[in-house]
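Next come the chains, spelled out residue by residue.
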Amino acid sequence: MHGGFQIQIEQTMLALQKIGVEVEYLRWWDDSQRPDVIHFFGRPDSGYAHFARQKGIKLVMSRLLTGLGSRSHAKRKLQKLVMTASQALLPKMITSNFEWEAYKTVDAAVLLTSWEAQLQHEMFSVPKEKIFVIPNGVEDAFFQSKPAARGPWLVSTVTITERKRVVELAEAAVLAQTPLWVIGKPYADADPYAQRFLRLARENPKLIRYEGAIQDRVRMAAVYREARGFVLLSAMESMSLSASEAAVCECPLLLSDLPWAKSVFRDTVTYCPITGDAAATAKIMREFYDAAPGLKPAARQVTWVEVARQLKELYETLLNSK
């Protein structure tokens with residue numbers, strides 16, 4: 001499925017190649033490949049880590065903790081209690097299916113934010129010396145874009161799916177009378193949630209603008225430059241690429257009041273609590289819309305080449321370690 005994780009993988013590989021690192025996609029069936037490092041996007045099982053170690057290959061894991069990082073403190077505490085009790089009381093043949101040990105068997109764990117790094121340590125007992133915070137980068141087209149006159153539209157670049165709360169955002173925009181341009185596409189056109197959004201857009205053409213996704217990065221940068229503000233009210237997120245892109249284009253940001261956002265942008269953006277109260281969300285959107293022209297740019301973001309340099313330094317450290 002399309003989304004930020006795919007972009008993260010592709011842009012990481014391209015940036016590493018730009019700075020002279022020899023990178024290939026892993027051909028798991030090809031025993032003639034001889035890597036020094038495997039950078040695994042996702043969570044490898046403990047057996048994978050074991051065989052990599054036997055072959056003298058360093059294993060780096062990039063894992064998104066999207067769901068975990070968006071849960072309440074009470075739910076995370078309950079999850080930790082269940083994990084601890086399961087590991088103490090259940091046979092290993094059962095708990096091994098959850099691959100909790102995999103987090104500790106890799107040589108390094110790369111997280112996008114300090115918030116996810118904290119969770120990696122607290123929830124899965126990964127040693128702090130194995131945890132590295134390296135954020136997503138932003139493509140050059142956004143850094144190279146020029147300032148432009150701001151228009152009337154709030155922009156939301158997003159996959160149209162429940163956890164992104166696009167319908168709820170559009171409903172709040174209608175109540176607040178704040179023009180909203182949604183850029184993106186659903187995972188499937190027949191998805192009932194996507195159909196709800198499309199109906200809402202058809203019923204409110206003066207307030208909800210929808211023309212699908214924009215693939216051209218230069219054009220997308222121009223959209224951010226001309227937008228009155230950027231809005232993302234998702235219920236779960238790791239580190240939003242689109243929010244970072246908008247920030248580079250000096251577009252004011254309104255984001256869900258989630259820990260990932262505060263760890264990245266701190267007090268340089270506006271926050272909105274996640275509630276089922278459309279009127280309360282609409283009030284915050286209207287206030288943001290009115291204040292947007294006077295808001296300062298969000299915290300600085302990094303390029304993908306800067307990300308690649310940090311990763312290269314990590315790889316070299318691992319290879320030089322005993």
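All of the points below concern the structure found in this document. (Residues numbered from 1 in each chain as written. Predicted model: local features only at pLDDT ≥ 70, side-chain atom pairs only at ≥ 80, totals over all residues. Heavy atoms only, no water.)

### Some remarks on empty space enclosed by the protein
Part 1 of the argument: Applying the stated rule across the entire model yields one cavity of 30 Å³ or more.
Part 2 of the argument: Volume-wise, the largest cavity comes out at about 70 Å³.
Part 3 of the argument: As for the largest cavity, its lining consists of 13 residues, and the residues nearest its centre are Gln 8, Ser 62, Val 110, Ile 134 and Leu 311.
Part 4 of the argument: Every element with two or more residues in the lining of the largest cavity is listed here: helix 1 (4–18), strand 1 (37–41) and helix 15 (304–320).
Part 5 of the argument: No other element matches the three residues that helix 15 contributes to the lining of the largest cavity.
Part 6 of the argument: A breakdown of the residues in the lining of the largest cavity according to their chemical character gives eight nonpolar, five polar and no charged. (1 Å grid on protein atoms, 1.4 Å probe; cavity = no way out; pocket = protein on both sides within 12 Å on 5 of 7 lines; lining within 4 Å. Points joined across faces, edges and corners; volume = space filled by probe spheres on them. Helix = DSSP H or I, 4+ residues; strand = E, 2+ residues; numbered from the N terminus. Nonpolar A, V, L, I, M, F, W, Y, C, P; charged D, E, K, R; others polar.)

### Thoughts on helix 10 (residues 192–203)
Part 1 of the argument: Taking 1.5 Å of rise per residue, 12 residues should cover 16 Å, and helix 10 covers 17 Å from first to last C-alpha, within 8% of that figure.
Part 2 of the argument: Every buried residue belonging to helix 10 is among Tyr 193, Ala 194, Phe 197, Leu 200 and Ala 201, and all of these are buried. Projection of helix 10 onto a plane perpendicular to its axis shows the buried side chains occupying an angular sector of 120 degrees, all on one side. Residues Pro 192, Arg 202 and Glu 203 are exposed on helix 10 and point more than 90 degrees away from its buried face.
Part 3 of the argument: Where helix 10 is buried, its residues contact helix 9 (166–176), strand 6 (180–183) and strand 7 (208–210).
Part 4 of the argument: Measuring from the side-chain oxygen of the N-cap residue of helix 10 to the backbone nitrogen of Tyr 193 gives 3.2 Å; that N-cap residue is Asp 191. (Expected span 1.5 Å × (residues − 1). Buried < 20%, exposed > 50% of the residue type's maximum accessible area, 1.4 Å probe, protein only. Arc of directions from axis to C-beta. Contact = heavy atoms within 4.5 Å. Polar contact = N/O pair within 3.5 Å; in protein donor to acceptor, adjacent residues only side chain to side chain.)

### Quick word on the packing of helix 9 against helix 10
Part 1 of the argument: At a minimum axis distance of 9 Å, the contact between helix 9 and helix 10 shows a crossing angle of 20 degrees. Classed by the angle they form, the pair helix 9 and helix 10 counts as roughly parallel. Along this stretch, helix 9 crosses helix 10, giving a crossing that reads as left-handed. Between helix 9 and helix 10, the contacting residues are Val 166, Val 167, Glu 168, Ala 170 and Glu 171 on the first element and Tyr 193, Arg 196, Phe 197 and Leu 200 on the second.
Part 2 of the argument: A class-by-class count of the residues in the contact of helix 9 with helix 10 yields six nonpolar, no polar and three charged. (Axes fitted to C-alpha atoms, helices over the stretch in contact; angles between N-to-C directions. Parallel < 35°, antiparallel > 145°, perpendicular 65-115°, else oblique. Left-handed = near helix turned anticlockwise from the far one by under 90°.)

### Section: the environment of Asp 140
Part 1 of the argument: Topologically, Asp 140 is positioned in helix 8 (residues 140–143).
Part 2 of the argument: What makes Asp 140 partly exposed here is its relative accessible area of 35%.
Part 3 of the argument: The spacing of Asp 140 and Thr 303 is 163 residues in sequence and 6.8 Å in space, taken between C-alpha atoms.
Part 4 of the argument: Apart from residues lying up to four places away in sequence, Asp 140 is in contact with Lys 18 and Thr 303.

### A short note on the sheet that holds strand 1
Part 1 of the argument: Reading across the sheet, the four strands line up as 1-2-3-4 and stay open at both edges, with parallel pairing between neighbours. Two strands in the sheet have a free side with no partner beyond their single neighbour: strand 1 and strand 4 (131–133). Adjacent strand axes in the sheet meet at a mean angle of 25 degrees when their direction is disregarded.
Part 2 of the argument: Pairing analysis gives three bridges linking strand 3 (residues 108–111) to strand 4, with the strands arranged parallel. Each bridged residue has a counterpart across the sheet, and for Val 110 the counterpart in strand 4 is Phe 132.
Part 3 of the argument: Of the strands in this sheet, strand 1 and strand 2 (58–62) are in contact with helix 1, which crosses strand 1 at around 160 degrees.
Part 4 of the argument: Contacts from helix 15 reach strand 1, strand 2, strand 3 and strand 4 within the one sheet, and its direction differs from that of strand 2 by about 145 degrees. (Pairing = 2+ DSSP bridges.)

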